[in-house]
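Examining the three-dimensional arrangement
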Amino acid sequence: QGQPVESGGGLVQPGGSLRLSCAASGSADSINSMAWYRQAPGKQREWVATFTNTRTPAYADSVKGRFTISRDYGQNMVHLQMNSLKPEDTAVYYCKVSYGGSASWGQGTQVTVSS
């Protein structure tokens, strides 16, 4: 499968919002789940949110209530709406697309939360 392509990152002030998007390759039927991870400078990559084929979203405690993950089956995309952003949300955000026995990662998009 091809590499997913993320978009939508940028610089935002604390309390602001951003919407990330990820376009996956292949057919929507071949995808088991689509997820977002992030990696801050000097830290390990951490899971943020997942949208599975059961259409049930799951979130890390650190973003629950502030971030919303959604799937666009027609466009084969996943979105991450990020509200009430905090400086600690600053990181490179990666999209991961799982096809069952394999997974593909995007190259990442930078999100910086700073005044």
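Let me begin by describing the structure that accompanies this report. (Residues numbered from 1 in each chain as written. Predicted model: local features only at pLDDT ≥ 70, side-chain atom pairs only at ≥ 80, totals over all residues. Heavy atoms only, no water.)

Moving on to the packing of aromatic side chains. Scanning all chains against the criterion turns up one aromatic pair. The side chain of Arg45 reaches across the aromatic face of Tyr94, ending 3.7 Å from its centre. Of note, Arg55 hangs over the ring of Tyr73, and the distance from its end group to the ring centre comes to 4.3 Å. (Phe/Tyr/Trp six-rings, centres within 6.5 Å; stacked < 30°, edge-to-face > 60°. Lys NZ or Arg CZ within 6 Å of the ring centre and 35° of its normal.)

Right, let's get into the layout of surface pockets. In this structure, the largest pocket spans a volume of roughly 170 Å³. Around the largest pocket, the lining is made up of 13 residues, and of these Arg38, Ala40, Lys43, Glu46 and Glu88 lie nearest the centre. Taken together, the residues of the lining of the largest pocket break down into two nonpolar, four polar and seven charged. (1 Å grid on protein atoms, 1.4 Å probe; cavity = no way out; pocket = protein on both sides within 12 Å on 5 of 7 lines; lining within 4 Å. Points joined across faces, edges and corners; volume = space filled by probe spheres on them. Nonpolar A, V, L, I, M, F, W, Y, C, P; charged D, E, K, R; others polar.)

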